[in-house]
Amino acid sequence: AQSVAQPEDQVNVAEGNPLTVKCTYSVSGNPYLFWYVQYPNRGLQFLLKYITGDNLVKGSYGFEAEFNKSQTSFHLKKPSALVSDSALYFCAVRDSDTGRRALTFGSGTRLQVQP
Amino acid sequence: KAGVTQTPRYLIKTRGQQVTLSCSPISGHRSVSWYQQTPGQGLQFLFEYFSETQRNKGNFPGRFSGRQFSNSRSEMNVSTLELGDSALYLCASSLAPGSGSYEQYFGPGTRLTVT
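A. Up close: the overall build of chain A. Looking only at helices and strands, chain A has 0 helices and 12 strands in total. Starting at the N terminus and walking to the C terminus, you meet the elements of chain A as β-β-β-β-β-β-β-β-β-β-β-β. Projected onto the principal axes, the alpha-carbon positions of chain A cover approximately 45 × 30 × 20 Å. A burial count over chain A gives 47% of its 115 residues as buried. Partitioning the contacts of chain A with sequence separation of at least 6, the portion at a separation of at least 24 is 56%. Of the side chains in chain A, 11 bear a positive and 9 a negative charge, and the two mean positions are spaced by 5 Å.

Written as structure tokens, this is what we have:
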């Protein structure tokens with residue numbers, strides 16, 4: 001069975017400071033990893049993914065994430081936070097087996113960026 | 001290109017009734033997945049459809065069912081509604097398995113309230 005852990009319910013950061021949202025995962029095969037963001041009363045918006053290759057992946061809106069296989073982590077980062085980044089962030093994993101494409105999500109981390 | 005559309009956006013039903021939710025994927029996307037989002041259980045996978053066939057199913061009772069049409073549009077049905085079925089139901093579309101594209105794109109969701 002696959003699982004995702006987001007250990008922080010909420011992360012608070014001042015505008016202009018770097019931010020990190022943590023994610024660790026467990027999957028039987030090779031992981032495909034994703035970050036999504038959800039704004040109030042909206043669906044999930046895709047930010048970035050790791051499939052293979054370079055451990056540092058860049059995504060939308062200046063976000064990036066670092067894949068660490070030995071620590072089974074996929075932390076989301078941004079060098080300089082914006083107030084508009086305040087939202088709910090979800091990490092998700094699926095197995096690389098094309099027959100098993102269901103995403104397993106973490107519980108979400110609420111990011112609050114203070115002006 | 002238009003995104004994933006879901007109808008209706010809001011729905012109020014009474015216990016024991018049934019409900020049908022609709023999802024139109026992004027043009028060219030042939031795979032549709034459904035997820036349930038609740039405050040207590042988070043985001044949980046319901047099922048995935050591709051080529052009008054259910055490919056994967058999550059751990060939900062048989063009251064939850066779905067189907068996909070030849071134009072890739074999908075519906076999900078919940079029969080004999082229970083209070084615990086109150087949730088945001090999210091539809092996600094993606095390209096066909098093996099296409100080399102891995103991310104799923106989510107619609108805005110249908111907010112179902114069961115009274």
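Okay, back to it.
B. Seen up close, the environment of B:Phe47. All names here are of chain B. Along the chain, Phe 47 turns up in strand E5 (residues 42-50). Take Phe 47: its relative accessible area is 0%, and that puts it in the buried class. Along the primary structure Phe 47 and Val 32 are separated by 15 residues, whereas in three dimensions their C-alpha atoms are 8.4 Å apart. With sequence-adjacent residues up to four places away left out, Phe 47 is seen in contact with Val 32, Ser 33, Trp 34, Gln 54, Asn 56, Lys 57, Gly 58, Phe 64, Ser 65, Gly 66 and Met 76.

C. Spatial organisation of the state of the cysteines. Taken as a whole and assessed by the stated rule, the structure comprises 2 disulfides over all chains. In this model A:Cys23 forms its disulfide with A:Cys91; the gap between the sulfur atoms is 2.0 Å. An S-S torsion of about -60° defines the bridge between A:Cys23 and A:Cys91 as left-handed. Here the residue A:Cys23 occupies a position in the loop between strand E3 (19-21) and strand E4 (24-26), and A:Cys91 occupies one in strand E10 (residues 87-95), the gap between them amounting to 68 residues. The pair formed by A:Cys23 and A:Cys91 is uniform in burial state, with each residue classed as buried. A sulfur-sulfur separation of 1.8 Å characterises the disulfide bridge that pairs B:Cys23 with B:Cys91. Looking along the S-S bond of the B:Cys23-B:Cys91 disulfide, the torsion reads about -55°, which is the left-handed sense. One end of the pair, B:Cys23, is in strand E3 (residues 19-24); the other, B:Cys91, is in strand E9 (residues 87-94), and 68 residues separate them in sequence.

D. Representation of the packing of aromatic side chains within the structure. Under the definition given, this model contains 16 aromatic pairs over all chains. An angle of 65° between the planes, with centres 5.8 Å apart, marks the rings of A:Tyr36 and A:Phe46 as edge-to-face. Pair noted here: A:Tyr36 is in strand E5 (residues 31-38) and A:Phe46 is in strand E6 (residues 44-50), with a separation of 10 residues, a long-range link. We note that A:Tyr36, like A:Phe46, is buried. On the numbers, 5.3 Å between centres and 85° between planes, the contact of A:Tyr36 with B:Phe106 is edge-to-face. With one member in each of two chains, A:Tyr36 in strand E5 and B:Phe106 in strand E10 (residues 105-106) form a pair that bridges those chains. By the burial criterion, A:Tyr36 is buried, and B:Phe106 matches it. Counting every residue linked through ring pairs, the aromatic cluster contains A:Phe34, A:Tyr36, A:Phe46, A:Phe90, A:Phe105, B:Tyr35, B:Phe45, B:Tyr105 and B:Phe106.

E. Broad picture of the sheet that holds strand E8 (residues 74-78) of chain B. Residues and elements named next belong to chain B. Reading across the sheet, the 4 strands line up as E1-E3-E8-E7 and stay open at both edges, with antiparallel pairing between neighbours. In the strand order of this sheet, the two ends are held by strand E1 (5-7) and strand E7 (64-68), each with one partner. Neighbour-to-neighbour, the strand axes of this sheet turn through a mean angle of 20°, independent of strand direction.

Conventions we followed
- Residues numbered from 1 in each chain as written.
- Chains lettered and ligands numbered in written order.
- Predicted model: local features only at pLDDT ≥ 70, side-chain atom pairs only at ≥ 80, totals over all residues.
- Heavy atoms only, no water.
- Helix = DSSP H or I, 4+ residues; strand = E, 2+ residues; numbered from the N terminus.
- Buried < 20%, exposed > 50% of the residue type's maximum accessible area, 1.4 Å probe, protein only.
- Contact = heavy atoms within 4.5 Å.
- Lys, Arg positive; Asp, Glu negative; His and termini not counted.
- Charge placed at Lys NZ, Arg CZ, Asp CG, Glu CD.
- Disulfide = S-S within 2.5 Å.
- Phe/Tyr/Trp six-rings, centres within 6.5 Å; stacked < 30°, edge-to-face > 60°.
- Pairing = 2+ DSSP bridges.
- Axes fitted to C-alpha atoms, helices over the stretch in contact; angles between N-to-C directions.

Keep in mind these values describe shape, not function.
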